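If you want the building blocks of each chain, they are given just below.
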Protein chains: 2
Amino acid sequence: MASPGSGFWSFGAEEGNKEAENPGTAKAWCQVAQKFTGGISSKLCTLLYGEGEKSSGPAGKDKEELGSGEKGMACNCDTKACDCQKGQANYSLLYSTDLLPSKNGEGVTMTFLQDVIDILLQYVVQTFDRSTKVIDFHYPNELLQAYNWELSEQPQSLDGILLNCKTSLKYAIKTGHPRYFNQLSTGLDMVGLAADWLTSTANTNMFTYEIAPVFVLLEYVTLKKMREMIGWPGGSGDGIFSPGGAISNLYAMLIARFKMFPEVKEKGMAALPRLVAFTSEHSHFSVKKGAAALGIGTDSVILIKADERGKLIPSDLERRIIEAKQNGYVPFFVSATAGTTVYGAFDPLISIADICKKYQIWMHVDAAWGGGLLMSRKHRWKLNGADRANSVTWNPHKMMGVPLQCSALLVREEGLMQNCNQMHASYLFQQDKHYDLSYDTGDKALQCGRHVDIFKLWLMWRAKGTTGFEAHIDKCLELSEYLYNIIKNREGYEMVIEGKPQHTNVCFWYVPPSLRNMEDNEEKMNRLSKVAPTIKARMMEYGTTMVSYQPHGDKGNFFRMVISNPAAAHQDIDFLIEEIERLGQDL
Amino acid sequence: MASPGSGFWSFGAEEGNKEAENPGTAKAWCQVAQKFTGGISSKLCTLLYGEGEKSSGPAGKDKEELGSGEKGMACNCDTKACDCQKGQANYSLLYSTDLLPSKNGEGVTMTFLQDVIDILLQYVVQTFDRSTKVIDFHYPNELLQAYNWELSEQPQSLDGILLNCKTSLKYAIKTGHPRYFNQLSTGLDMVGLAADWLTSTANTNMFTYEIAPVFVLLEYVTLKKMREMIGWPGGSGDGIFSPGGAISNLYAMLIARFKMFPEVKEKGMAALPRLVAFTSEHSHFSVKKGAAALGIGTDSVILIKADERGKLIPSDLERRIIEAKQNGYVPFFVSATAGTTVYGAFDPLISIADICKKYQIWMHVDAAWGGGLLMSRKHRWKLNGADRANSVTWNPHKMMGVPLQCSALLVREEGLMQNCNQMHASYLFQQDKHYDLSYDTGDKALQCGRHVDIFKLWLMWRAKGTTGFEAHIDKCLELSEYLYNIIKNREGYEMVIEGKPQHTNVCFWYVPPSLRNMEDNEEKMNRLSKVAPTIKARMMEYGTTMVSYQPHGDKGNFFRMVISNPAAAHQDIDFLIEEIERLGQDL
């Protein structure tokens, strides 16, 4: 499509300090801040009223701004610490070397970190404010040129650092905004955020109990609970938190291969017969990516047909398994999907489990997106059969709104991960330590160091209870049904699949008036394919909302609405529909 | 060894509220807090003086404490928000559902997040206080039983959540403590911490420019700078931040295989001749782990001899390459190490580069640990030859003190990663977007979603400048030389390798008086092997310091001291020596 330049859309009025045009909001905020908070009130008010950061257009005019315009942040004294205003430090004279562990660095450190937090709290407040933009969009080259992002020999003073923080957030996407629907992971949970801040502060590593005692225990407790929710007796089994669903799926394939042919660890694929894996044509691309990485090859991933709603067809799976065996291949892995990326389809897990049992194939369930539904008594039936799987991928950072990254692989057989991955590195996993070594989980991972992803999920679960996650999930599904009910018979919309959504995915075309009376032919589909990208580009330019689109199979670009955002409400669904029509009616 | 129970060592007096026995420190802190900080002063003082969390022994006595003892945290009113003390909320009546995005949730949210931050700031202050413990050690079953960590149906009120935060930090290892030397990753950088808090708040994902514009650009800028530091002309090439050094090394092997045999992506290892990889016997276990995962097999990783200082012997490498070729194998990958895990050895990269060039083998440099030395004009010669590598792993979360996780893989040839890993998922990487798609980096990753690891490194680099990293690295190397100079001729110490340390690794045995006059025989080595684990266990029980030990080859357990901690000073090295002698003299 023709890319409109940044100046093409008349959003100039929204470019400046938002509060300048909406002083009432700032004032209201100030009052809230002063009523409830201990010490951040004055700073928050200062930030709301006079942030000091100038409006920055895309034209590079403000390139010099990094060293200027720091109203309200630093005092004007020429000594590093002064008494002119309590809590103020002259950041233009201060550097990172003045912070802890520097001698006498405590005061500056506390002030600096508090000022960073004030910036973050302001962002949090804005995130949930429907009158703020979701995105302040600029093209890559504009953003590269508008600021000096370069790394240099010499240090920058702390005023520059604080400004860097503000600038980075100014152009960040508000992924927690009530009108952000762009990804499967949306929302900003306050307890999750607090937990992630704590995780950063603890700054440790999951490989041994020695250096992460609490986090290791919490991972143990949480994985067990997740296995219980899947339905494995007593929550028995194994598992690990990995850096995302693609890696969790890769783990599953790796372990399945090892289970069938343990010699692969030493001998490699050369010692094995030709393996084949099966997954639906609607499954996530990470199954193929994993096969490529593991030396199995993408040609050995056989794509099974899905029905019109995106569910794997079991009879086609069985047919292809028989066919592969007849051709001398060894079927070792079936990856069913619970919640496909585009349609939100749930594969028929019970039938797939029957087939896997019959042919003795490892059954994996990629429930990265759909796993959250296990928390809902109303919706968990959609995953019936997952309890018969050998492994399950489940990403709490998607439907459960846990901050990124938080993905678990659950494995039914205990000990297999350890046997598959361990290398007995004696310098890390010493066998003569003075505590129970079964808590040193590092050697069952593909990684050596491993980020602490558990605390935010655990703390959110404590704060919400299972019933809290359930309420969130039921609400998101209710909202998507609300959307579906509005647009299914509305003029100008065509549904990509028939029937009520199974997950929160609602796939549809918006058909502008100019196309509504056209015959259904190739020309119409070609023109229709350009509608969603154009509306999306306009959404980003205006910054009002974000929703994803894509082509799929022989279907041209359509919108895929998903709702995992706890902030979203009925009014935001209404807004989305109005906005699509506003931005697309002239196309 | 016999495990001493928790009560075995008489550290009871240190168990309680630290400040109770050291009121002077709390008072001093209070004064500091009140002088410099805007609003956190009173809260910080309250926390320092009366945290409200009771001392918890390992005996499970305090199991009920989660619902009690909240002095100073909540008011006693029976309404959710009250005026009795500004900034106080009655958390026992508040739940996560009262926080944003709840209607009118702003005030409670600000207060709650600020209270979390106060807990974190207190932890930061304690981290750098030499009179606090590095670790408050308890055995896994003790810690499991001492608290109720379970996840339940019903939500917990916010007072419980705040207490969970405190409890988790109480048993956390202070990885930034000046006397924490246990891992290659140590320290707590204040700018890095601030940046990680911001990253959590932005809560986005690296796969597209669309949802992480600033972070994607900063990754671009930083990877280019890192390639410049390696010495690749104009910083050209490619790269990615991955979840740790093991994954970065796996990437390198994956890309090297693809470069030589691009058909592996579709056809798998079955279509390839038998591959072999080479690395030194001192290299990191992730090279073997990667080979196992990629279907190459650990038997195909040929371990090359290292000299007495741990450096790969080039002549042995060449001999083994020739031998492998003669046996019909195809050498495709050499992983040299710049900074081995135990000895801190730097392989002779120039000689290795010559051999790789001669036999046309991909040269990878695992500089996860040693890469930081590229920032030092004094020490960067140790990586001479890295500029001739095809790929380099470099973990800023190790020697450069960036918070975990932060690991980069740099690749000299542009486009290779993309070709190797891309699967063209149209639902994520739409080709008809309105901006330059070269900034959508997701399809070159193994992962789909990818955590934002870049901001903390970028912001620290801005704050320190290259010269700041240089000063840190030079200081750490100077400190390790200081340690080496003290112990090399001191009674009761034996060095594992001769000569000045090349990196900050100093490997040594402490020989207790009872063993000093023994002959060097098997019995002495057996007894000596038990010394380091016993001293380490005692260190953890006392909580005074932490340093790693391991056996290596035919050498029994010895201490491996490493210094990457910016807080460490000469006095901490002196302390470590005294502590080892205090804890080990009776063995």
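Our structure's up above, just so we're on the same page.
A quick note: this is a predicted structure, and the numbers were derived from the prediction, not measured.

*Asks:* Talk me through helix α6 (residues 190-202) of chain A; I want residue IDs and the actual numbers.
*Replies:* All names here are of chain A. The end-to-end C-alpha distance of α6, which contains 13 residues, comes to 18 Å, matching closely the 18 Å that a straight helix rising 1.5 Å per residue would cover. Most of α6 sits out of view: 13 of its 13 residues are buried. Trailing α6 by a residue or two, Asn 203 shows a phi angle of about 40°, which is positive.

*Asks:* Would you mind going over the sheet that holds strand β9 (residues 493-495) of chain A in detail, with residue names and values included?
*Replies:* All names here are of chain A. The strand order across the open sheet formed by five strands is β1-β11-β12-β10-β9, and the pairing between neighbours is mixed. Across the chains shown, the open sheet's two edge strands, defined by having one partner strand only, are β1 (180-181) and β9. Inspection of the sheet shows β1 paired to strand β11 (residues 546-552) by two bridges, in the parallel sense. Bridging from a neighbouring strand, Tyr 180 pairs with Met 546 of β11. The strands touched by helix α17 (residues 570-584) are β1, β9, β10 (506-510), β11 and β12 (555-561); relative to β10, the strand with the most contacts, the crossing angle is about 30°.

*Asks:* Go over the relation of the copies chain B and chain A, please, and point to the residues and values.
*Replies:* For these two chains of identical sequence, chain B goes onto chain A by a turn of 180° and a shift of 0.0 Å along the axis, with RMSD 0.0 Å. Here the copies are linked by what is in effect a two-fold axis. Most of the interface of chain B is mirrored in chain A, where 100% of its interface residues are also at the interface.

*Asks:* Residues and numbers for the environment of Pro 213 of chain A, please.
*Replies:* Mapped onto the elements of the fold, Pro 213 of chain A is located in helix α7 (residues 213-230). Separated by 223 residues in sequence, Pro 213 of chain A and Asp 436 of chain A place their C-alpha atoms 11 Å apart.

*Asks:* Summarise the interface of chain B and chain A; cite the residues concerned and give the values.
*Replies:* Facing 168 residues of chain B, the contacting portion of chain A comprises 168 residues. With both chains or domains summed, chain B and chain A bury close to 15,100 Å², and 66% of this area falls on carbon and sulfur atoms. Inspection of the region where chain B meets chain A yields six salt bridges. The residue Lys 267 of chain B makes a salt bridge to Asp 299 of chain A at a minimum N-O spacing of 2.9 Å. At the surface where chain B touches chain A, the tally comes to 68 residue pairs in polar contact (both at pLDDT 80 or more). At 15 residues, helix α4 (residues 106-127) of chain B tops the list of elements feeding residues into the side of chain B that touches chain A. Looking at the side of chain B that touches chain A residue by residue, the classes come out as 93 nonpolar, 51 polar and 24 charged.

*Asks:* Explain the pattern of salt bridges to me, and be specific about the residues and the numbers.
*Replies:* Residue and element names in this part refer to chain B. Using the criterion set out here, one finds 56 salt bridges over all chains in the structure. Notably, a salt bridge pairs Lys 170 with Asp 136, separated by 3.3 Å at the nearest N-O pair. Of this pair, Lys 170 sits in helix α6 (residues 158-170) while Asp 136 sits in the loop between α4 and α5 (140-146), and the two are 34 residues apart along the sequence. One salt bridge in this structure joins Asp 196 and Lys 456, with 3.5 Å as the shortest N-O distance. Here Lys 456 lies in helix α15 (residues 454-487) and Asp 196 lies in helix α7 (residues 190-202), a separation of 260 residues in the sequence. What makes Asp 196 buried here is its relative accessible area of 3%. Judged by its relative accessible area of 1%, Lys 456 is buried.

*Asks:* Describe the packing of α7 of chain A against helix α14 (residues 454-487) of chain A, with residues and values.
*Replies:* All names here are of chain A. Across the interface, α7 lies against α14 with an axial gap of 9 Å and an inter-helix angle of 55°. In terms of their interaxial angle, α7 and α14 are classed as oblique. Here α7 and α14 pass one another in a crossing that is left-handed. Facing α7, whose interface residues are Phe 215, Leu 218, Glu 219, Thr 222, Lys 225, Met 226 and Met 229, α14 presents Ile 454, Phe 455, Leu 457, Trp 458, Trp 461 and Thr 466. In terms of residue class, the contact of α7 with α14 is built from nine nonpolar, two polar and two charged.

*Asks:* Explain the pairing of strand β11 (residues 546-552) of chain B to me, and be specific about the residues and the numbers.
*Replies:* Residue and element names in this part refer to chain B. Buried residues dominate β11, accounting for six of its seven residues. When β11 meets strand β12 (residues 555-561), the two strands line up antiparallel, connected through four bridges. Its bridge partner being in β12, Gln 550 is matched across the sheet by Phe 558. Connecting the antiparallel pair β11 and β12 is a turn made up of two residues, with Gly 553 showing a positive phi of about 55°.

*Asks:* Provide a residue-level description of the state of the cysteines, including the pertinent values.
*Replies:* Residues and elements named next belong to chain B. Inspection of every chain in the model, using the stated rule, returns zero disulfides over all chains. Left without a disulfide partner, Cys 476 is nearest to the cysteine sulfur of Cys 507, which lies 16 Å away. The class of Cys 507 is buried, set by a relative accessible area of 3%.

*Asks:* Pulling in residues and values, what's your account of the nonpolar core?
*Replies:* Counting 331 residues, the largest nonpolar core has Phe 112, Trp 197 and Met 561 of chain A together with Phe 112, Trp 197, Trp 394 and Met 561 of chain B as its most contacted members. Once residues within four sequence positions are removed from consideration, Trp 197 of chain A is found in contact with Ile 117, Leu 120 and Leu 121 of chain A together with Leu 113, Ile 117, Leu 120, Trp 197, Ser 200 and Thr 201 of chain B. Counting residues in each nonpolar core, the second largest holds 64 residues, with Ala 252, Ala 293, Phe 332 and Met 417 of chain A among its members.

*Asks:* I'd love a proper account of the environment of Lys 267 of chain B, names of residues and values included.
*Replies:* Following the sequence through the fold, Lys 267 of chain B ends up in helix α10 (residues 264-267). A relative accessible area of 42% means that Lys 267 of chain B is categorised as partly exposed. Put simply, Lys 267 of chain B and Met 540 of chain B are 273 residues apart on the chain and 51 Å apart in space, counted from C-alpha to C-alpha. A polar side-chain atom of Lys 267 of chain B sits 2.9 Å from a polar atom in the side chain of Asp 299 of chain A.

Quick notes on the rules
- Residues numbered from 1 in each chain as written.
- Chains lettered and ligands numbered in written order.
- Predicted model: local features only at pLDDT ≥ 70, side-chain atom pairs only at ≥ 80, totals over all residues.
- Heavy atoms only, no water.
- Helix = DSSP H or I, 4+ residues; strand = E, 2+ residues; numbered from the N terminus.
- Expected span 1.5 Å × (residues − 1).
- Buried < 20%, exposed > 50% of the residue type's maximum accessible area, 1.4 Å probe, protein only.
- Pairing = 2+ DSSP bridges.
- Contact = heavy atoms within 4.5 Å.
- Axes fitted to C-alpha atoms, helices over the stretch in contact; angles between N-to-C directions.
- Least-squares fit on C-alpha atoms with pLDDT ≥ 70 in both.
- Buried area = accessible area lost by both parts, 1.4 Å probe.
- Salt bridge = Lys/Arg side-chain N within 4 Å of Asp/Glu carboxyl O.
- Polar contact = N/O pair within 3.5 Å; in protein donor to acceptor, adjacent residues only side chain to side chain.
- Nonpolar A, V, L, I, M, F, W, Y, C, P; charged D, E, K, R; others polar.
- Parallel < 35°, antiparallel > 145°, perpendicular 65-115°, else oblique.
- Left-handed = near helix turned anticlockwise from the far one by under 90°.
- Disulfide = S-S within 2.5 Å.
- Core = buried A, V, L, I, M, F, W, Y, C linked by side-chain atoms within 4.5 Å.

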